[in-house]
Amino acid sequence: MVTNPGPGRHLSAAPQESTTPATLRQVMGQFATGITVITAGGPLGHGMTANSFTSVSLEPPLVLCCVARTARMHQAILAAGGYGVSILGAEQTTLARYFADKTRPAGPSQFDAVDWVPGRQTGAPLLMGALAWLECTLTNDYEGGDHSIFVGEVLEAQRGGGRDALMFFSGGFLQAAPPPAKTA
């Protein structure tokens, strides 16, 4: 049974062209996401701003990130056998832009410009001031079109001291505060 969604709430009846990469990018830009910097240690050490990151499972603790197969980060994760994740806070827009900039130095020297510590489990660079950090060992990688889906088992997870998150929406960065505490 098909129901009428009501006035002003229906899709155009005009035929739609097939979805192009540009259209998909515009549509997905309407989905607000948190911002992370995914990192890998070792000789191919690299960092990359990413919003394609999510929790998969609590038991066992699994997360995933999606990385273009043509990106330097792709080979860095495979070589390191895992990755670190720094979940950025509202005041870390500069870090998000830095790790999205393809003109920054390649390899481990790119971390010379930022404050970081090596993860205790993986050695992956973890960015200071982040809302939270995770260290993961790579358990699976799956083909996902022009990307790989890297599933990592969380070896360690920590919260930082910040409260406000950095978000990405409609092509730009936003700051998001947690909802007010509930009162009894």
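These lines cover the structure that appears in this document, whether it is placed above or below. Note that the structure is a prediction, hence the values are computed from the model and not measured.

1. Some words on helix 3 (residues 93–100)
Next, step 1: Among the residues of helix 3, Leu95, Ala96, Tyr98 and Phe99 are the ones counted as buried. With its buried residues spanning 165 degrees around the axis, helix 3 presents them on a single face. Within helix 3, the exposed residues directed more than 90 degrees away from the buried face are Thr94 and Arg97.

2. Some thoughts on the layout of surface pockets
Next, step 1: Its boundaries defined by the atoms lining it, the largest pocket holds a volume of some 1,700 Å³.
Next, step 2: Lining the largest pocket are 44 residues; nearest its centre among them are Arg25, Ala50, Asn51, Ser52 and His147.
Next, step 3: In the lining of the largest pocket, the residues fall into 23 nonpolar, 14 polar and 7 charged.

3. Describing the pattern of salt bridges
Next, step 1: In this structure the tally under the stated criterion is 1 salt bridge.
Next, step 2: Arg120 is the partner of Glu156 in a salt bridge, and the nearest nitrogen-oxygen pair spans 2.5 Å. One end of the pair, Glu156, is in strand 10 (residues 147–159); the other, Arg120, is in the loop between strand 7 (116–118) and strand 8 (125–127), and 36 residues separate them in sequence.
Next, step 3: Glu156 sits in the buried class, given a relative accessible area of 13%.
Next, step 4: The exposure class of Arg120 is exposed, given its relative accessible area of 67%.

The rules we used
Residues numbered from 1 in each chain as written. Predicted model: local features only at pLDDT ≥ 70, side-chain atom pairs only at ≥ 80, totals over all residues. Heavy atoms only, no water. Buried < 20%, exposed > 50% of the residue type's maximum accessible area, 1.4 Å probe, protein only. Helix = DSSP H or I, 4+ residues; strand = E, 2+ residues; numbered from the N terminus. Arc of directions from axis to C-beta. 1 Å grid on protein atoms, 1.4 Å probe; cavity = no way out; pocket = protein on both sides within 12 Å on 5 of 7 lines; lining within 4 Å. Points joined across faces, edges and corners; volume = space filled by probe spheres on them. Nonpolar A, V, L, I, M, F, W, Y, C, P; charged D, E, K, R; others polar. Salt bridge = Lys/Arg side-chain N within 4 Å of Asp/Glu carboxyl O.

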